[in-house]
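Letter by letter, the chains look like this.
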Amino acid sequence: MAKNGARILLIYTGGTIGMVRDYGSGSLRAFDFNNLLQQIPELHQIDCRIDTVAFANPIDSSNMDLPHWQQLARLIGEHYHSYDGFVVLHGSDTMSYTASALSFMLENLAKPVILTGSQLPIGDLRTDAKENLITSIQLAALTEESRPLVREVCLYFEHKLFRGNRTTKINTEHFEAFDSPNYPALAESGVHLNLHREALWRSPGRGQLKVHLELDNRVGVFRLFPGMHPDWLRYQLAAPGLKGLVLETFGAGNAPSASWLLDSLADAVKGGLHVVNVTQCRGGAVLMGQYETSSGLLDIPLIDGRDITTEAALAKLMYLLGSGVAPKSFKTIFEAPIRGEMSEN
Ligand code: ASP
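What counts, and where the lines are drawn
For every chain, the first residue of its written sequence is number 1, and the numbers climb from 1 along that sequence. In view of the model being predicted, local features appear only for residues whose pLDDT reaches at least 70, and side-chain atom pairs are presented and counted only at 80 or more, with totals across whole chains, interfaces and linings using the full set of residues. Excluding hydrogens and water, the side-chain figures rest on all heavy atoms present in the structure. One bridge is not enough; two strands pair if DSSP finds at least two bridges between them. In this text, helices come from DSSP runs of H or I with a minimum length of four residues, and strands from runs of E with a minimum of two, each type numbered from the N-terminal end. Interaxial angles span 0 to 180 degrees and are taken between N-to-C directions of axes, which are lines fitted to C-alpha atoms, for helices over the stretch in contact. Polar contact is defined as a pair of N or O atoms within 3.5 Å, subject to the rule that within protein one atom must be able to donate a hydrogen and the other to accept it, and that residues adjacent in sequence are counted only when both atoms are side-chain atoms. Note on contacts: a residue pair qualifies if any of its non-hydrogen atoms lie within 4.5 Å across the two residues. An angle below 35 degrees is read as roughly parallel, one above 145 as roughly antiparallel, one from 65 to 115 as roughly perpendicular, and any other as oblique. Should the near helix be turned anticlockwise from the far one by less than a right angle, the crossing is termed left-handed; should it be turned clockwise, right-handed. Residue polarity follows a fixed list, in which Ala, Val, Leu, Ile, Met, Phe, Trp, Tyr, Cys and Pro are nonpolar, Asp, Glu, Lys and Arg are charged, and the others, Gly among them, are polar. A side-chain nitrogen of Lys or Arg and a carboxyl oxygen of Asp or Glu constitute a salt bridge if their distance falls within 4 Å. Note on aromatic contacts: the rings of Phe and Tyr and the six-membered ring of Trp form a pair at centre separations within 6.5 Å, being stacked when their planes are under 30 degrees apart, edge-to-face when over 60 apart, and tilted otherwise. The classification of residues rests on relative accessible area computed with a 1.4 Å probe and restricted to protein chains. Under 20% of the type maximum is buried, over 50% is exposed, and intermediate values are partly exposed. The criterion for a charge sitting over a ring is simple: Lys NZ or Arg CZ within 6 Å of the ring centre, and within 35 degrees of the ring normal.

1. Notes on the sheet that holds strand E11 (residues 160-163)
Pairing is mixed in the open sheet, where eight strands are placed in the order E4-E1-E5-E7-E10-E11-E14-E15. Only two strands of the sheet have a single neighbouring strand rather than two, namely strand E4 (48-54) and strand E15 (193-195). Shown here is a sheet whose adjacent strand axes are inclined to one another by a mean of 20°, direction ignored. Both strand E10 (residues 153-157) and E11 contribute to a ladder of four bridges, which runs antiparallel. Paired with Cys154 across the bridge in E11 is Arg163.

Structure representation (structure tokens):
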């Protein structure tokens, strides 16, 4: 492992990390990223060249939308050959969604794209921003035999590097705001930076980076709950133009056996809607057929989301729909992992 003068592009999209507190007034103001090195002198100690680029209008990540993802993917694509790695500063609220989307949009990625942010602004005394930022840059700069060691879209937060499309935000208060319940951390930062090499993504091909900008957002999420009125589901399924739905089921992919529910879903699937079964549980996987309450879903048939997160399932739907995958192969293609977003069957 070496950190030998790597070139890193730091992209600021917005979020708490880019705020500094004015200790006179106590108010937060946006950080000037052009002066990053002056404001965080610790960055001088990292043996790499850091260039910065910021969104013209930095946003709270609750405002993240398709055009922002496209802008990010385009930026990375345009600068791909000039940098060894990319660190994206992003609000934590929707960071897992963006990480998931980018993982699909950047096919054959062979360099690190590490999203990070913080719970407290960079100018706060107890901030978590500096460690998150500094370690993300260090991880993005790691090389082995002149190749980047990390070659995927990741999320770094509170001492852990995760595969981005496996993460979910779990806490608004703790510094440990993210978890990757179904996939181990790729690296952990303690006294040493410990990389779990066996967990790192290695793309099956060695093709050129392909940036996919076409996403189709005619998708939705529907969460089952006991006592649901049948009209609620029927109303959602009748949304004009709906093409894909993430159905959040109970436990290992179970649902009420009521015929109104199974019939409504079966009609929607017959009508061309792609419905993915994911679990509401934080960890574990869907196993359709294990219980009688999921056999009906298996027969429809729903797409088996196994251990994918809702965030990654939504992004994968948008990506596959945007890529124009033929309806008859959609289920098979969705059920195969393409960026390490779900476990092999
Ligand atoms: N609301 C903020 C955002 O997601 C929170 C944060 O920066 O972590 O942009």
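Moving on, there is more to tell.
2. Focus: the side chain of Arg163
Structurally, the position occupied by Arg163 is in strand E11. Here Tyr183 takes part through its side chain, which lies 3.5 Å from a polar atom of the side chain of Arg163. With sequence-adjacent residues up to four places away left out, Arg163 is seen in contact with Glu152, Val153, Cys154, Tyr183, Leu186, Ala199, Leu200, Trp201, Arg339 and Gly340.

3. Remarks on unusual backbone geometry
The peptide bond linking Ile300 to Pro301 adopts the cis configuration, its omega dihedral lying at -5°. Even without being glycine, His159 reaches a positive phi, approximately 75°. Inspection of the secondary structure puts His159 in the loop between E10 and E11.

4. Comments concerning the packing of helix H2 (residues 66-79) against helix H3 (residues 95-105)
With their axes 10 Å apart at the nearest point, H2 and H3 run at an angle of 50° to one another. Classified by the angle their axes make, H2 and H3 are oblique. For the pair H2 and H3, the sense of crossing is right-handed. Where H2 approaches H3, its residues Trp69, Gln70, Leu72 and Ala73 are matched on the opposing element by Tyr97, Thr98, Ala101, Leu102 and Met105. Among the residues making up the contact of H2 with H3, the classes are represented as seven nonpolar, two polar and no charged.

5. Notes on the pattern of salt bridges
For the coordinates displayed, the defined rule picks out 15 salt bridges. Notably, a salt bridge pairs Glu335 with Lys331, separated by 2.9 Å at the nearest N-O pair. Within the structure, one salt-bridge network assembled from shared partners comprises Asp216, Arg218 and Lys243.

6. Structural notes on the sheet that holds strand E18 (residues 244-249)
With parallel pairing, four strands are arranged side by side in an open sheet as E17-E18-E19-E20. Strand pairing shows two members of the sheet lacking a second neighbour, strand E17 (219-223) and strand E20 (303-304), which therefore form its edges. Taken together, the two bridges between strand E19 (residues 274-279) and E20 define a ladder with parallel strand orientation. Bridge assignment links Asn277 to a residue of E20, and that residue is Asp304.

7. Concerning the packing of aromatic side chains
Tallying each qualifying case throughout the model produces five aromatic pairs. With centroids separated by 5.8 Å and ring planes inclined at 20°, the aromatic side chains of Phe104 and Tyr319 adopt a geometry described as stacked. With Phe104 in helix H3 and Tyr319 in helix H8 (residues 310-322), this residue pair connects regions lying 215 residues apart in the sequence. Given the relative accessible area of 0%, Phe104 is considered buried. A relative accessible area of 7% means that Tyr319 is categorised as buried. Ring-pair connections join several aromatic residues into one group, and the members of that group are Phe222, Trp232 and Tyr235. Cation over ring: Lys111 sits above Tyr80, and NZ or CZ is 4.8 Å from the ring centre.

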